[in-house]
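# Coordinate analysis (summary)
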Amino acid sequence: MYKSSVTYDDTYYREEAKQLWNDVSLQDGPYKGVDLVSENFDVEVAYSTIPFNKRYEFRLEKRKLRYWNTGNRTTHYIAFNKSATECITWDDADIRDWIDRYPVEYRKCKGWPKKDSYFLIIPLHEKSNMKFYNKINNEWKIIK
């Protein structure tokens, strides 16, 4: 998918994130900032076209690392599959640890400029620090 053909309207994924975290009062984040905010923490929302079980590594865009490099607010990460029937969550403490331990590297992304194709590369063995969910009967259930 080319960058120019990507839609940045992630309202659907934000609503799914709110449903996933239904016991927290999440609201849309500030303009050009993190996606969702609550009184105590922020949530950055994304989606992926690569199935979670087909990955050989996990990636977090370099441009998004600013939410963890500032150190002021706890920020969690949720990545959905394209149809929002599966998702993965990463806790703030794990992401901060990964930033210190793993490299930011270039990965070719078809149709994307090189400057936008740098990612924090998280190896598969870190799956044990991630939570995976499936949406079953319109309700999110943890599977790991």
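A quick note: this is a predicted structure, and the numbers were derived from the prediction, not measured.

Turning our eyes to something else, we now look at the sheet that holds strand E8 (residues 118–123). What the 3 strands build is an open sheet, ordered E4-E8-E7; its pairing is antiparallel. The open sheet has two edge strands with one neighbour each: strand E4 (57–61) and strand E7 (104–106). Here the average twist between neighbouring strands, direction ignored, is 50°. The pairing of E4 with E8 spans 5 bridges and is classified as antiparallel. Across the sheet, residue Glu57 finds its bridge partner in E8, namely Pro123.

With that settled, the discussion passes to helix H1 (residues 11–20). Listed as buried for H1 are Tyr13, Arg14, Glu16, Ala17 and Leu20. Along the axis of H1, the buried positions cluster into a sector of 160°, meaning they face one direction only.

Time to look at unusual backbone geometry. A positive phi is found at Asn137, a non-glycine position, where the angle reads about 50°. Following the sequence through the fold, Asn137 ends up in the loop between strand E9 (130–136) and strand E10 (139–142). The phi torsion at Asn138 lies on the positive side, around 65°, for a residue other than glycine. For Asn138, a relative accessible area of 56% translates into the label exposed.

What follows is about the pattern of salt bridges. Proximity of charged atoms lets side chains of opposite charge pair with each other. Taken as a whole and judged by the stated rule, the model has 19 salt bridges. One salt bridge in this structure joins Arg14 and Asp10, with 2.9 Å as the shortest N-O distance. In terms of burial, Arg14 and Asp10 fall into one category: buried. Each member of the salt-bridge network shares a partner with another, and the members are Asp10, Arg14, Glu15, Lys18, Asp28 and Asp35.

Residue placement: His76 occurs in strand E5 (residues 75–81). Owing to a relative accessible area of 13%, His76 belongs among the buried residues under this scheme. Reaching out from His76, the side chain makes a polar contact with the backbone nitrogen of Asp92 at a distance of 3.3 Å.

So, on to the sheet that holds E10. Strand order across the open sheet formed by 7 strands is E1-E2-E3-E5-E6-E9-E10, with mixed pairing between neighbours. Because the sheet does not close on itself, it has two edges, and the strands there are strand E1 (27–28) and E10. Where strand E6 (residues 86–90) and E9 come together, 5 bridges link them in antiparallel fashion. Each residue of the ladder has a partner; that of Trp90, found in E9, is Met130.

Grouped together as the largest cluster of nonpolar side chains are 20 residues, with contacts concentrated most on Leu60, Tyr77, Ile88, Trp90, Trp98 and Met130. Breaking this core down by element, the ones donating at least two residues are E4, helix H2 (66–69), E5, E6, helix H3 (92–101), E8 and E9. With 14 residues, the next largest nonpolar core counts Leu20, Phe41, Val45 and Tyr133 among its residues.

This part takes up the pairing of E8. Note: E7 against E8, 3 bridges, orientation antiparallel. Pairing of Val104 across the sheet is with Leu120, part of E8.

In this structure, Glu57 sits in strand E4. Looking at Glu57, its side chain comes within polar contact range of the side chain of Arg59, at 3.0 Å. At 2.7 Å, the side chain of Glu57 and the side chain of Arg107 are in polar contact. Leave out the neighbours within four places in its chain, and Glu57 touches Arg107, Ile121, Ile122 and Leu124.

Thresholds, definitions, all that
Residues numbered from 1 in each chain as written. Predicted model: local features only at pLDDT ≥ 70, side-chain atom pairs only at ≥ 80, totals over all residues. Heavy atoms only, no water. Pairing = 2+ DSSP bridges. Helix = DSSP H or I, 4+ residues; strand = E, 2+ residues; numbered from the N terminus. Axes fitted to C-alpha atoms, helices over the stretch in contact; angles between N-to-C directions. Buried < 20%, exposed > 50% of the residue type's maximum accessible area, 1.4 Å probe, protein only. Arc of directions from axis to C-beta. Salt bridge = Lys/Arg side-chain N within 4 Å of Asp/Glu carboxyl O. Polar contact = N/O pair within 3.5 Å; in protein donor to acceptor, adjacent residues only side chain to side chain. Core = buried A, V, L, I, M, F, W, Y, C linked by side-chain atoms within 4.5 Å. Contact = heavy atoms within 4.5 Å.

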